[in-house]
Amino acid sequence: EGHVHAFQILGGVPAGKIRYDNLKAAVAQVIGFSRQRVETARWVAFRSHFDIDAFYCQPGITGAHEKGGVEGEIGRWRRKAFVPIPHVASVAALNDRLDVISTVDDRRHVAARRITVADHFELEAVELQVLPGERFDAASVLSCRVDPKARGCVRQIWYSVPARYAGRRLDVCLGVETVDV
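Residues numbered from 1 in each chain as written. Predicted model: local features only at pLDDT ≥ 70, side-chain atom pairs only at ≥ 80, totals over all residues. Heavy atoms only, no water.

(A) Representation of the packing of helix 3 (residues 64–82) against helix 4 (residues 91–105) in the model. At a minimum axis distance of 11 Å, the contact between helix 3 and helix 4 shows a crossing angle of 115 degrees. As the angle between them shows, helix 3 and helix 4 are arranged roughly perpendicular. Pair helix 3 / helix 4 crosses with right-handed handedness. Facing Arg 76, Trp 77, Lys 80, Ala 81 and Phe 82 of helix 3, the residues of helix 4 in contact are Leu 94, Arg 97, Leu 98, Ile 101, Ser 102 and Asp 105. By residue class, the composition of the contact of helix 3 with helix 4 is six nonpolar, one polar and four charged. (Axes fitted to C-alpha atoms, helices over the stretch in contact; angles between N-to-C directions. Helix = DSSP H or I, 4+ residues; strand = E, 2+ residues; numbered from the N terminus. Parallel < 35°, antiparallel > 145°, perpendicular 65-115°, else oblique. Left-handed = near helix turned anticlockwise from the far one by under 90°. Contact = heavy atoms within 4.5 Å. Nonpolar A, V, L, I, M, F, W, Y, C, P; charged D, E, K, R; others polar.)

Now the structure itself:
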């Protein structure tokens, strides 16, 4: 859902390779110390929908030089946006807050460069791929068994369902803020 939101804000999808540090939502298994990965089925569907070419950093010391930019930027954003921990009512409110922080950050000059981050983005925005016409539903599709007390367990959290579903297996769509059974 974060990627979908980011692509909407950017107004397109980055062309070429996108560098990842083996995020858990994408990588089910790292094969040895190579770049080969077993990707999760949902990630494959996501990458296919947006025509993304993922570049995975090598694990351990071998890939340390590849992760510097990724880790450094994550740390900078964490300190800027999440210290102290923000108190928000919803993910949408958090996204609104991050969008404001991002807009302010766009006015920043990196090192001794003459133009701002926003100016650099404007030069590169023409390289973005067009967003697909159909929206991608990023919710995870899971299954849960309903116990005799009409409760279904989704990712270790119990939810009540109508009693008529006791003993049945139900499909669950798990989003960032929603659980649809």
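(B) Seen up close, the packing of aromatic side chains. In total, this model carries eight aromatic pairs according to the counting rule given. For the pair Phe 7 and Phe 46, a centre-to-centre distance of 6.2 Å together with 15 degrees between the ring planes defines the contact as stacked. Here Phe 7, found in helix 1 (residues 2–10), pairs with Phe 46, found in helix 2 (residues 41–50); they are 39 residues apart in sequence, far enough to count as distant. A relative accessible area of 4% places Phe 7 in the buried class. Ring plane angle 70 degrees and centroid distance 5.5 Å describe the contact between Phe 46 and Phe 136, whose orientation is recorded as edge-to-face. With Phe 46 in helix 2 and Phe 136 in the loop between helix 5 (117–124) and strand 5 (140–145), this pair connects stretches of sequence that are 90 residues apart. (Phe/Tyr/Trp six-rings, centres within 6.5 Å; stacked < 30°, edge-to-face > 60°. Buried < 20%, exposed > 50% of the residue type's maximum accessible area, 1.4 Å probe, protein only.)

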